[in-house]
Each structure stands twice: as C-alpha cells, then as structure tokens.
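# Remarks on the overall topology
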Amino acid sequence: MSTENTDKEILENENEMATQSEGNPTDEATPEVQAAEELTVEQKLEEDLAKEKDKHLRLFAEFENYKKRTSKERIELFRTANQEVLQALLPVLDDFDRAMAQISKSEDEVLLKGVELIHEKLKSILVSKGLEEVEIKSGDAFDADFAEAITQIPAPSDDLKGKIVDVIEKGYKLGDKIIRFPKVILGQ
C-alpha cells in the first residue's frame, strides 16, 4: 500500500508541475518537453516509414517470385500442351509400323513406297512437335524408370538373363517426360 500512496503522490506532483509550467510561458522546461515530444513523434514517423518500406520490399519480392513462377508454369504448359494429342496419335503410329512390316513382305513396291511416305510424314510432324522415341533395344539392361516389363521368359542365352529380350511396344517421350513407357520382355 505504501508504494501505491507514493505513486499517487508522484503523479499529483507531476500534474501540479505541468499545470504551473503551462501557466508560466517563460519557464525553460516547456521547450525541452516539447522537443522531447517532437523527437518521439519524429522517431515514430521514422519507424512507421521503415515499416512501410519493409512492407513494400516484401510485396515487391513476392510479386517478382509470382512472375517467375507463372512464367515457368507457362513454359511448362506450352512444352506439354500437345501431350494428349500426341498420346492419342501413338496407336496410329504403331499401326503404321505394323503395316510397314506387313507391306514390306509383299511384292508391291508402289504400295510400300506410298505407305512409307505417309509414315515418314507422320513421324516428322510428331518429331517437330517434340515427340522422341525412347531408345531401348534387345540386350539392354532393364531399368524400371525407363521401361515397363510385361513378362519374363527363359533367356535364350546366359548373357540375356535379367536383360531385355524383346521390345513389344515402343516408348515415347515429350521433352524430358516419358509419355508412354516401352513395353518389354525380360529374360530369366
């Protein structure tokens, strides 16, 4: 309780001094008090300015990150925009490969030449759109990241054990992304 009384007395004394100084314009304490108040107002304004500058810089940095992210997404979208169309055309390309194999067995050179021209034109269009064949052949080591094993058969020779014996269906990639994995048969 004694501290509360002491605090009250101090406050009352300060109030009396403030009242006396307001009444006396020649008192020297008044300009010092005003200068101290101005400094605190000035300091507050400087702090507010620093906060606003910080907000502005953070907002600017966030906007720059947003621009970079959206530009990367846009580039990726353009790169893979044709993916669905190309995937839909892959069975047609496979049918052309099978047709070429059958027609080459026949004696009709004109038919073979015509189908070969159409096949090459289709392949060149797909390649121009970014389609690439995944290069896997018989005898290569099997890697599950780049091929899909359909089945395993007894290896025709010891050097083909655990390796690719035959490629059933070709695989394709668009840019760096594989859009259809090659289907292969492994040797046991």
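Residues numbered from 1 in each chain as written. Predicted model: local features only at pLDDT ≥ 70, side-chain atom pairs only at ≥ 80, totals over all residues. Heavy atoms only, no water.

With an unreviewed UniProt entry as reference, the protein is termed Protein GrpE, source organism Flavobacterium chungnamense. In its Subcellular location (unreviewed entry) section, the UniProt entry covering the protein states "Cytoplasm". (UniProt positions renumbered as here; feature names shortened; annotations may be inferred.)

## Concerning the side chain of H119
Its place among the elements puts H119 in helix α4 (residues 109-128). Residue classification places H119 among the buried positions, given a relative accessible area of 5%. Of note is the side chain of H119, whose polar atom sits 2.6 Å from the side chain of D97. Ignoring sequence-local partners within four residues, the contact set of H119 consists of L93, F96, D97 and M100. (Helix = DSSP H or I, 4+ residues; strand = E, 2+ residues; numbered from the N terminus. Buried < 20%, exposed > 50% of the residue type's maximum accessible area, 1.4 Å probe, protein only. Polar contact = N/O pair within 3.5 Å; in protein donor to acceptor, adjacent residues only side chain to side chain. Contact = heavy atoms within 4.5 Å.)

## Some thoughts on the packing of helix α3 (residues 83-105) against α4
Running from N to C, α3 and α4 point in directions that differ by 155°, and their axes come no closer than 10 Å. Relative to α4, α3 is oriented roughly antiparallel. Both α3 and α4 take part in a crossing whose hand is left-handed. For the pair formed by α3 and α4, the contact residues are L86, L89, V92, L93, F96, D97, M100, I103 and S104 on the first element and L111, L112, V115, E116, I118, H119, L122, K123 and L126 on the second. Here the residues of the contact of α3 with α4 sort into 13 nonpolar, 2 polar and 3 charged. (Axes fitted to C-alpha atoms, helices over the stretch in contact; angles between N-to-C directions. Parallel < 35°, antiparallel > 145°, perpendicular 65-115°, else oblique. Left-handed = near helix turned anticlockwise from the far one by under 90°. Nonpolar A, V, L, I, M, F, W, Y, C, P; charged D, E, K, R; others polar.)

## Focus on the sheet that holds strand β2 (residues 148-153)
The 3 strands lie next to each other as β2-β6-β3, forming an open sheet whose pairing is mixed. Of all the strands in the sheet, the pair left with one neighbour each is β2 and β3 (164-169). With direction set aside, neighbouring strand axes in the sheet form an average angle of 25°. One ladder, built from 5 bridges, connects β2 with strand β6 (residues 183-187); its direction is parallel. Looking at β6, one finds that E148 is bridged to K183. (Pairing = 2+ DSSP bridges.)

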